[in-house]
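# Close look at the chain arrangement
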Amino acid sequence: MAIKLYGTAASTNVLRVMACLAEKELDYEFVNVNMSNKEHKSPEFLSRNPFGQVPAFEDGDLKLFESRAITQYLAHTYPDNGTNLIIHDPKKMAIVGVWIEVEAQKFDRFGSKLAWELAYKPMFGLTTDETVVEEHEKNLEQVLDVYESRLSESKYLGGDCFTLADLHHLPVLKYLFGTKAKRLFDARPHVSAWAADIQSRPAWVKAITA
Amino acid sequence: MATPPVKVYGPPLSTAVSRVLVCLLEKDVPFQLVPVNMAKMEHKKPDYVKMQPFGQVPAFQDDDITLFESRAICRYLAEKYPNKGTAGLFGTNPLVKASIDQWLEAESQSFNPPSSVLTFQLFFAPLMKLKQDEALIKQNEAKLEKVLDVYENRLGSSRYLAGDEFTLADLSHLPNTQFLVEKTDKAELFTSRKNVGRWWSEISTRPAWKKVVEMQNA
């Protein structure tokens, strides 16, 4: 199979690529990386991702890392497969690009730290640090206030249709919605509706149920 | 001379603003720099927040579109003007573009967090008469060293991060590294690594970046 994704399905960054592959209806081989055995730090894996992180990706001869570079590559290389995740109009795509950065710079920063404290730590038998949770929730709320305003004027973050700008949020949302942090989203009607909408997309449901 | 359609809002000293300025200069795109008085909280006022809803700099306008997030602005400029100024900033074909994007994301996700904390703690905090957090400095220095070890290895077999040409991936590193190398005692992190030192010396002496540094020092 030409497309291979290396990682573990528990990782938000791996899930981000899985969500994209599912929306694009692309076949791929999933190669499990045993992180508890430190496989991601092995020389073989480091040649795929020099930072020793998941995911790593290949499509034929092309090797890539960084989930958001992989999703952009897929969205641009396979425009006619499955869902169109980008906009061809350059001005409209520039706006999508802005909100792709907002997820990467602002939402993920606090969202993934909260997911670590509230979702991952319990999974690994570690103790949640409530002071850290309180701080990150406050920061995330400020970001979600901006989202609330944006989504009151725009159906999706990047514009009228679902794009990578929305898709990139799915993995962290998946984890946060299983914790008390869900209330931050519920408290904001447009954010809540948007989160429900994108999480109910058949491709995403299929990707995380498999 | 007619007013350029491109406007950048914010002070050149801001790392994010300077990232956009160097991109505009590399692309030879005329622009107007509009000052934002951050000491007077101008970036939190309604008129500004309309352009940048997080109340941060830069904001950017090109004709009828308004953008924010410096890396999004850089990608937009590189795509809109592929053949103007320095060509190939974002690649000339999709495979090269993917490789550049990969290293631009590495900058954004791995290099930026620790280098931003260090830049703030070691340069901006003293300037703003704020107390420095020694533990935070130590923690982030260790993180940055790990990233620079990866870069050292990469730049041993590649002239620039994404390949043989200077691209957005390298450009994006200019703002934070400039402060760390020139304005703090952490220059050694870069200069003690042979390949990273060589790369820094090449990218920081590009005329476009030298012009931005002049603007910062003005």
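Now for a quick tour of the structure. (Residues numbered from 1 in each chain as written. Chains lettered and ligands numbered in written order. Predicted model: local features only at pLDDT ≥ 70, side-chain atom pairs only at ≥ 80, totals over all residues. Heavy atoms only, no water.)

## Here's the deal with the side chain of serine 154 of chain A
Residue and element names in this part refer to chain A. Operational definition: In this text, helices come from DSSP runs of H or I with a minimum length of four residues, and strands from runs of E with a minimum of two, each type numbered from the N-terminal end. When accessible area is computed with a 1.4 Å probe and restricted to protein chains, residues below 20% of their type maximum are described as buried, those above 50% as exposed, and intermediate ones as partly exposed. For this analysis, a polar contact is any N or O atom pair within 3.5 Å, provided that within protein one partner can donate a hydrogen and the other can accept it, and provided that sequence-adjacent residues contribute only side-chain to side-chain pairs.
Summarising the element assignment, serine 154 is placed in the loop between α5 (130-151) and α6 (164-167). For serine 154, a relative accessible area of 8% puts it in the buried group. Within polar-contact distance, the side chain of serine 154 engages the backbone oxygen of glycine 159 at 3.3 Å.

## Considering the packing of aromatic side chains
The test is simple: Here the aromatic set is Phe, Tyr and Trp, taking the six-membered ring for Trp, and pairing holds for ring centres within 6.5 Å; pairs whose planes are under 30 degrees apart are stacked, those over 60 apart are edge-to-face, and all others are tilted. Distance and angle both matter: a charge sits over a ring if NZ of Lys or CZ of Arg is within 6 Å of the ring centre and within 35 degrees of the ring normal.
Inspection of every chain in the model, using the stated rule, returns 25 aromatic pairs over all chains. Look at tyrosine 151 of chain B and tryptophan 199 of chain B: their rings are 6.1 Å apart centre to centre, the planes differ by 85°, and that puts the pair in the edge-to-face class. Placement of the pair is tyrosine 151 of chain B in helix α5 (residues 134-154) and tryptophan 199 of chain B in helix α9 (residues 194-204), with a sequence separation of 48 residues. Grouping residues by exposure puts tyrosine 151 of chain B and tryptophan 199 of chain B together as buried. Geometry around phenylalanine 54 of chain B places lysine 106 of chain A over its ring, the cationic atom sitting 5.0 Å from the centre.

## Looking at the side chain of threonine 12 of chain A
What counts, and what does not: Contact criterion: two residues are considered in contact whenever any of their non-hydrogen atoms come within 4.5 Å of each other.
One can find threonine 12 of chain A in helix α1 (residues 12-23). Sequence-distant contacts of threonine 12 of chain A, defined by excluding residues within four places in its chain, comprise Tyr120, Pro171, Val172 and Tyr175 of chain A.

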